[in-house]
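# Residue-level structural notes
Take a look at the letters that make up each chain.
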Amino acid sequence: MDDDSRVARRTVGDAEARRANRRWWDVDADDYQAEHGAFLGEVDFVWCPEGLREEDVRLLGELAGRRVLELGAGAAAAARWLATQGARPVALDLSAGMLRHASLAADRTGVRVPLVQADALVLPFADAAFDVVCTAFGAVPFVADSAAVMREVARVLRPGGRWVFSVTHPMRWIFLDDPGEHGLTAVHSYFDRSPYVEQDEHGVATYVEQHRTLGDRIRELVGAGFRLVDLVEPEWPEGHEGIWGQWSPLRGRLFPGTAIFVTEKPDA
């Protein structure tokens, strides 16, 4: 999505992606929270840069008393909000740097949830341990084998449970990461699944993000045994003039930037 010589579109396995992204989020955690922390809040569940909030849309269903796992929780603002709704959340992230911010935010707010450092591909939980699993832009785009993530979520989710996740809308991969007019020109094939890779001078990956089409995502979900309940494509709200990376009012009013998959594991 960039012409810089240290940006590539190439195949990356899970081991390389894990090393790169863990290191990236550990190093970038302070800057990320400084830039986006106010928008995300400390006890809030914001699904996307469009500002869609779980408090308003209730995609997760009933929360009181439910065991909820937040994957790729970052600073765990969503998990803390879930706790205020009567849920029993656990916040999981690969990055110690992001979980450090989760711990600091717990001290500031007084809302504490269990924090777990682990890989979404190997969840350290028993089968059917949770009633709900969710993530806002966490885990799913950062692994090479996202179908395996779907299977792991299905394993730890009880029958009848709900799996809801948001990712960059797949059609955004056609364009450059530019919130301005330059970002309105299609430059990549929608069907090129090669991941976006930032790398150092030695060609070692320092950040990896994966692309899947809408059809790919649905096949992953169906293959893991999920039933698709809804596919939410948030519209850019009136009065929202914020810019977050490649998200902007200009682009947001023309085409979607986020896809939220709402699914259920069939009740046996």
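Now for a look at the structure at hand. Predicted model only: the values in this text are computed from it and were never measured. (Residues numbered from 1 in each chain as written. Predicted model: local features only at pLDDT ≥ 70, side-chain atom pairs only at ≥ 80, totals over all residues. Heavy atoms only, no water.)

## A look at the pattern of salt bridges
Tallied over the entire structure, the rule returns 20 salt bridges. For Arg-10, the salt bridge identified is with Glu-16, shortest N-O distance 2.9 Å. Taking relative accessible area as the criterion, Arg-10 reaches 23% and is therefore assigned partly exposed. Judged by relative accessible area, which is 22%, Glu-16 ranks as partly exposed. Note that Arg-253 is salt-bridged to Glu-241, the shortest N-O span being 2.9 Å. Taken together, the positions of Arg-253 in the loop between helix H7 (249-252) and strand E10 (258-264) and Glu-241 in the loop between strand E9 (227-232) and H7 put the pair 12 residues apart, joining distant regions of the chain. Residue Glu-241 is classed as exposed on the basis of its relative accessible area of 51%. Connected via shared salt-bridge partners are Asp-44, Arg-53 and Glu-55. (Salt bridge = Lys/Arg side-chain N within 4 Å of Asp/Glu carboxyl O. Buried < 20%, exposed > 50% of the residue type's maximum accessible area, 1.4 Å probe, protein only. Helix = DSSP H or I, 4+ residues; strand = E, 2+ residues; numbered from the N terminus.)

## So, the packing of helix H1 (residues 14-40) against helix H4 (residues 96-109)
Where H1 contacts H4, the two axes come as close as 6 Å, and the packing angle between them is 40 degrees. Classified by the angle between their axes, H1 and H4 sit oblique to one another. Listed contacts from H4 to Trp-25, Asp-26, Ala-29, Asp-30, Tyr-32 and Gln-33 of H1 are Ala-96, Gly-97, Met-98, Arg-100 and His-101. (Axes fitted to C-alpha atoms, helices over the stretch in contact; angles between N-to-C directions. Parallel < 35°, antiparallel > 145°, perpendicular 65-115°, else oblique. Contact = heavy atoms within 4.5 Å.)

## Notes on the sheet that holds strand E7 (residues 196-199)
Reading across from one edge, E1-E7-E8 is the order of the 3 strands in this open sheet, with antiparallel pairing throughout. Each having just a single partner strand, strand E1 (7-9) and strand E8 (205-209) make up the two edges of the open sheet. Taken over all neighbouring pairs, the strand axes of this sheet differ in orientation by 25 degrees on average, direction set aside. Two strands pair when backbone bridges link them, and E7 and E8 are joined in this way by 4 bridges, in the antiparallel orientation. Looking at E8, one finds that Val-197 is bridged to Val-208. Against the sheet, H1 makes contact with E7 and E8, and its axis sits at roughly 100 degrees relative to E8, the strand it touches most. (Pairing = 2+ DSSP bridges.)

## Here we look at a nonpolar patch on the surface
Among the surface-exposed residues, Leu-184, Leu-250 and Leu-254 lie close enough to one another that they form a single nonpolar patch of about 250 Å² accessible area. The exposure class assigned to Leu-254 is exposed, which follows from its relative accessible area of 57%. (Patch = residues over 30% accessible without salt bridge, like charges linked within 9 Å, V, L, I, M, F, W, Y side chains within 5 Å. Areas by Shrake-Rupley, 256 points an atom, 1.4 Å probe, with all protein chains shown as cover.)

## Some thoughts on the packing of aromatic side chains
Any aromatic ring pair is given by two values, namely how distant the centres are and how the planes are angled relative to each other. Applying the stated criterion across every chain yields a total of 15 aromatic pairs. Ring centres 5.4 Å apart and planes at 85 degrees place the aromatic pair Trp-25 and Tyr-32 in the edge-to-face group. Both residues of the pair, Trp-25 and Tyr-32, count as buried. Measuring from centroid to centroid gives 6.2 Å for Tyr-32 and Trp-244, while their planes differ by 70 degrees, and the two rings are edge-to-face. Of this pair, Tyr-32 sits in helix H1 while Trp-244 sits in the loop between E9 and H7, and the two are 212 residues apart along the sequence. Chaining the aromatic ring pairs together yields one cluster made of Trp-24, Trp-25, Tyr-32, Phe-39, Phe-142, Tyr-196, Tyr-207 and Trp-244. (Phe/Tyr/Trp six-rings, centres within 6.5 Å; stacked < 30°, edge-to-face > 60°.)

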